[in-house]
Amino acid sequence: MGPASLELLRRAARHAADAPGQSRGESLRAAAEELGESLDPRFRAADLDRLELELSQYQATFRPEQQDQLAALRQAALEAMTFFAAFRPRLVGEVLTGTADAYSPIVLQLFAATPEQVIECLLGHDIPFEESETSYQYRDGRSERVSVFAFGAGDDHFVLEVFPEAGLREAPLAPGGGKLRRASRQQLEALMQEGPMAAH
């Protein structure tokens, strides 16, 4: 047992590209079943990071039209980050890593004294939203629940995750257990200048 093979990762990348909305973990499991391989849970975070790279390369080669889609999503993210600038937004997720598809939401992490401040902003601009919660883990073992507000704008779907102001100093772990990538508005602008398939 060890890290996933390159063959498994490439097959998982095809799965992810052909099944928009499927989680990366599901793509890995489907590829492993087809190849008769086992996934080592100790390497889950590393395998997910490697899958993102393989998927990005696969899309650049075989799905060039997604570059235009990704560029449009990043532009929408930039505009939203400007709109929510008071909450020091950070972009996370597939729009940042460069593997977004038609079903990928634009996920922004906001930082506020209370979630009510973000609610007031949304209501003040007549933006209807759905409210929920999610949980994040940290390297020291603690878990933190954060408020989540989701809304649509045109063809784009936005997800706002509201952290305490102190949360800006330490990023939580990604769902797979690895380091969560975050980008500020300035960092996103730099990515957009590098090209649509650039990743942070």
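A brief look at the structure comes next. Source: prediction; values computed, not measured. (Residues numbered from 1 in each chain as written. Predicted model: local features only at pLDDT ≥ 70, side-chain atom pairs only at ≥ 80, totals over all residues. Heavy atoms only, no water.)

1. Thoughts on the environment of Leu-173
- Looking at where Leu-173 falls in the secondary structure, it is placed in the loop between β5 (156–163) and α7 (185–194).
- The sequence separation of Leu-173 and Tyr-138 amounts to 35 residues, and the corresponding C-alpha distance is 5.5 Å.
- Setting aside chain neighbours within four positions, we find Leu-173 in contact with Tyr-136, Gln-137, Tyr-138, Arg-139, Gly-178 and Leu-180. (Helix = DSSP H or I, 4+ residues; strand = E, 2+ residues; numbered from the N terminus. Contact = heavy atoms within 4.5 Å.)

2. Observations regarding the pattern of salt bridges
- Scanning the entire structure with this criterion turns up 10 salt bridges.
- For Glu-133, the salt bridge identified is with Arg-145, shortest N-O distance 2.9 Å. Of this pair, Glu-133 sits in strand β3 (residues 130–137) while Arg-145 sits in strand β4 (residues 143–153), placing them 12 residues apart in sequence.
- Put simply, Arg-142 and Glu-170 hold a salt bridge, and the shortest N to O gap is 3.2 Å. Of this pair, Arg-142 sits in the loop between β3 and β4 while Glu-170 sits in the loop between β5 and α7; the two residues are 28 residues apart in sequence, bridging distant segments of the chain.
- For Glu-170, a relative accessible area of 34% corresponds to the partly exposed category.
- Among the charged side chains, a network of salt bridges with common partners joins Arg-24, Glu-52 and Glu-94. (Salt bridge = Lys/Arg side-chain N within 4 Å of Asp/Glu carboxyl O. Buried < 20%, exposed > 50% of the residue type's maximum accessible area, 1.4 Å probe, protein only.)

3. Considering helix α4 (residues 65–83)
- Between the first and last C-alpha of α4 there are 28 Å, a value that for 19 residues agrees with the 27 Å anticipated at 1.5 Å per step.
- Among the residues of α4, Gln-66, Leu-70, Leu-73, Arg-74, Ala-76, Ala-77, Leu-78, Ala-80 and Met-81 are the ones counted as buried.
- Close packing links the buried residues of α4 with α3 (44–62), β1 (90–92), α5 (94–97), β2 (106–111), β5 and α7. (Expected span 1.5 Å × (residues − 1).)

4. Here we look at the packing of aromatic side chains
- Within this structure, the stated rule accounts for 7 aromatic pairs.
- When the ring of Phe-111 is compared with that of Phe-163, the centres are 5.8 Å apart and the planes differ by 35 degrees; the resulting orientation is tilted. Of this pair, Phe-111 sits in strand β2 while Phe-163 is found in strand β5, placing the two residues 52 residues apart along the sequence. For the residue pair Phe-111 and Phe-163, the accessibility class agrees, reading buried in each case.
- Between Phe-129 and Phe-149, the ring centres sit 5.4 Å apart and the planes meet at 85 degrees, which makes this aromatic pair edge-to-face. One end of the pair, Phe-129, is in the loop between α6 (115–124) and β3; the other, Phe-149, is in strand β4, and 20 residues separate them in sequence.
- Taking the relative accessible area as the measure of exposure, Phe-129 reaches 24% and is therefore partly exposed.
- Counting every residue linked through ring pairs, the aromatic cluster contains Phe-83, Phe-84, Phe-151 and Phe-158. (Phe/Tyr/Trp six-rings, centres within 6.5 Å; stacked < 30°, edge-to-face > 60°.)

5. Description of unusual backbone geometry
- Unusually for a residue other than glycine, Arg-88 sits at a positive phi of about 45 degrees.
- Checked against the element boundaries, Arg-88 lands in the loop between α4 and β1.
- A residue is classified by how much of its surface remains accessible, and Arg-88, at 36% relative accessible area, is partly exposed.
- The backbone of Asp-126 sits at a positive phi, close to 55 degrees, despite the residue not being glycine.
- Locating Asp-126 in the fold gives a position in the loop between α6 and β3.

6. Observations concerning the layout of surface pockets
- Its boundaries defined by the atoms lining it, the largest pocket holds a volume of some 860 Å³.
- As for the largest pocket, its lining consists of 29 residues, and the residues nearest its centre are Arg-24, Glu-52, Gly-93, Glu-94 and Pro-175.
- The residue inventory of the lining of the largest pocket, partitioned by class, reads 11 nonpolar, 9 polar and 9 charged. (1 Å grid on protein atoms, 1.4 Å probe; cavity = no way out; pocket = protein on both sides within 12 Å on 5 of 7 lines; lining within 4 Å. Points joined across faces, edges and corners; volume = space filled by probe spheres on them. Nonpolar A, V, L, I, M, F, W, Y, C, P; charged D, E, K, R; others polar.)

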